[in-house]
Structures are given as structure tokens and as C-alpha cells.
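As a plain string of letters, each chain reads:
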Amino acid sequence: MKNISRRTAIKTVMAGSAALAASGIQASVPGVDYVVQSGPLKGNIRHSVSKWCFGEYDLDEFCEICKRIGIESIELLDPHEWPVVQKHELTVAMAQGAGLGIDNGFNDPKLHDELVASYEKVIPMVADAGLTNLICFSGKRNGLTDLQGWENCERGLTRILPMAEKYNVVLTMELLNSVGHKDYQCDHTVWGAELCRRLGSPNFKLLYDIYHMQIMEGNIIENIQKYHSCFSHIHTGGNPGRNEIDETQELYYPAIMKAIVETGYKGFVGQEFVPKQPDKIASLEKCIRICDV
């Protein structure tokens, strides 16, 4: 037993889980106080997961695990990582690799030339890889009013939208809380929705992060119902603490997922929680099942 590798052990567990699923039996997960429901996923939600939350896993290994669970996408990956995921017949629902990070975004005109050059380089790469969504950020407010932020973002993004439209790439600005990401400007759904209205392009949309928006504004289901047409991607996460999206958190994800399905939303829902259970993959599978309405 001492000569069995970690990879072999994981494959053995995966094979056992698959056998249980095929038999229709509910499988208790060692070290975790819940039961993983068996059987195939329902298909109403397109499931993705953020790799950074599971950083200890080799990407190839993580692809194998995700495919076994039924997850279609591993996201927030750089261009050199996309072929690894696609080799496993998975996709990258939200690509990264362009821009200057969360704090330095399109609301700062001094950065526009550098940002435009970066996105003009990466947009064709996204298209060549057969992907769609490319993340972008507003940047810190740094004393800007909402109006100044909208105008500056509009001015910068307008320079690259023609290329995004040509290559059918959706520039996707993430909604983040401005408590943890101090002073971030695109921190309310209505702010992002107004920027979408101003740009008026199907190739600019929002990443609606439920965890972040619960911190900033709450009212999650109503805002999904009202603004879903502005979303190209959605993130989960428990609050407080970005933990597992289960009964330990204040958000009830089955109701949220049902509301998403009822809007007709066809994009991906990405798990972006930080596992706290000893068995991180069991936590991931549990949260996928919670969202599989």
C-alpha cells in the first residue's frame, strides 16, 4: 500500500464513485458529514469551477476529477493552460490572460493604451481556442464618481469592442465587492448594468458573482431576474468567508439556481468557493449537486 501513488489512489476512489453512481446507490464520503447523491447531473445548469480554489491539484489530474463529476469547464486559466483542459474534452468558460489585474482597469484613461494593446493580443487567441468569455475589470475608483467611471470605461472599452465583435469574444467585467477588494468601482449590479447599456454591445457583459454581490447589496434572486440579460457568466461562493455553499452559509443556493434556470440563462455557473472540508473534491461534488436543480 505504501507504494500506491496519489494519482492511483484518486483514480481508485473515482472508479468506486462511478460504480456507485451507476447502481443508483447514495455514497457516503469518508470524513465528510453528508451524503453525495448518485446518478447523472440534470443538465439544467452548465457547471464550471475556478481552478485557483483547488491550487494543490495538477491541472491534468483536476481535469480528470471534474470530468468524472460532470463539470464541463475549468476557468480563470491563462492561454498556456487552455490546451490542457481541451485535451480532456472540457472547456474554459472564463478565460484570463489580458489586462493589468483587478486594481488597474478601464476606468483609468492613463492605462487605456496598455490595456487596449493587451486585449488586442489576447482576443484573437481566445477565438482561435474556440472560447468565448474574456475577463476584464473596472479598476479602483480612486476618487472617481460613478459618472466618471462609466465615461472612462466606455471610452476605453469602445476601442476594443470592434475586435471583440469581429472575433465573437465577450468582454466580461466582473462585479466584485469593494470591501475585500477595497475601492473597486464595479461593485454593484446596477453600476455594471448601466455600463452595459452605455456600450450597447452583445460583446460586453458582466460576471455576476453571487458571493460578492451578497456582501454589497443582497437581494440576489431579484437582481438575477432583473439583470440576467447582462450576464455572460455567474460565480458562486458561500457567505461569510467564501466557504462551501451549504447549510453553514447564509445563501440558499437551490432557490438561487432555480431562479437562474427560470430566466432562461444559458451560460455557465462557476463554483468559486474555498473548500474547508478535509476532502476538497467531496466538497466540490457536494456543491455541484446543490446547484444541480
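These remarks concern the structure in this document. What you see is a predicted model, and the numbers here were worked out from it, not measured in a lab. Note on numbering: residues in each chain are counted from 1, in written sequence order. Per-residue local features of the predicted model are confined to residues with pLDDT of at least 70, and side-chain atom pairs are confined, for both listing and counting, to 80 or more; whole-chain, interface and lining totals are unaffected and use all residues. Excluded from the side-chain calculation are hydrogens and water; included are all heavy atoms of the structure.

Below, the discussion takes up the packing of aromatic side chains. Stacked, tilted and edge-to-face are the three classes applied to pairs of Phe, Tyr and Trp rings, where Trp contributes its six-membered ring and a pair requires centres within 6.5 Å; stacked means planes under 30 degrees apart, edge-to-face means over 60, and tilted covers the rest. Counted by the stated rule, this structure contains six aromatic pairs. With a centroid separation of 5.9 Å and 25 degrees between ring planes, the pair formed by W150 and W191 is classed as stacked. Taken together, the positions of W150 in helix α5 (residues 146-158) and W191 in helix α7 (residues 189-199) put the pair 41 residues apart, joining distant regions of the chain. Across the pair, exposure class does not vary: W150 and W191 are buried alike. Its guanidinium or amino end placed over the ring of F62, K51 lies 5.7 Å from that ring's centre, counting from NZ or CZ. Runs of H or I in DSSP of at least four residues are treated as helices and runs of E of at least two as strands, each being numbered from the N terminus. Exposure classes here rest on a 1.4 Å probe applied to the protein chains alone. A residue is buried below 20% of its type maximum, exposed above 50%, and partly exposed in between. Working rule: Lys NZ or Arg CZ, within 6 Å of ring centre, within 35 degrees of ring normal, means a charge sits over the ring.

Structurally, the position occupied by H112 is in helix α4 (residues 112-128). We classify H112 as buried; its relative accessible area is 4%. For this analysis, a polar contact is any N or O atom pair within 3.5 Å, provided that within protein one partner can donate a hydrogen and the other can accept it, and provided that sequence-adjacent residues contribute only side-chain to side-chain pairs. A polar contact is formed between the side chain of H112 and the backbone oxygen of F106, at a distance of 2.8 Å.

Attention shifts here to the pattern of salt bridges. We define a salt bridge as a contact between a side-chain nitrogen of Lys or Arg and a carboxyl oxygen of Asp or Glu at a distance within 4 Å. Scanning the model with the defined rule gives 14 salt bridges in all. Between E56 and K280 there is a salt bridge, with its nearest N and O atoms 3.0 Å apart. In this pair, E56 is assigned in the loop between β3 (46-50) and α2 (59-69) and K280 in helix α11 (residues 280-291), connecting sequence segments 224 residues apart. Exposure remark for K280: the relative accessible area of 26% places this residue in the partly exposed category. Note that E154 is salt-bridged to R198, the shortest N-O span being 3.6 Å. Here E154 is found in helix α5, whereas its partner R198 is found in helix α7, with 44 residues between them in sequence. Accessibility expressed as a relative area gives 24% for E154, which makes it partly exposed. Several salt bridges share partner residues, and in doing so they unite E154, E194, R197 and R198 into one network.

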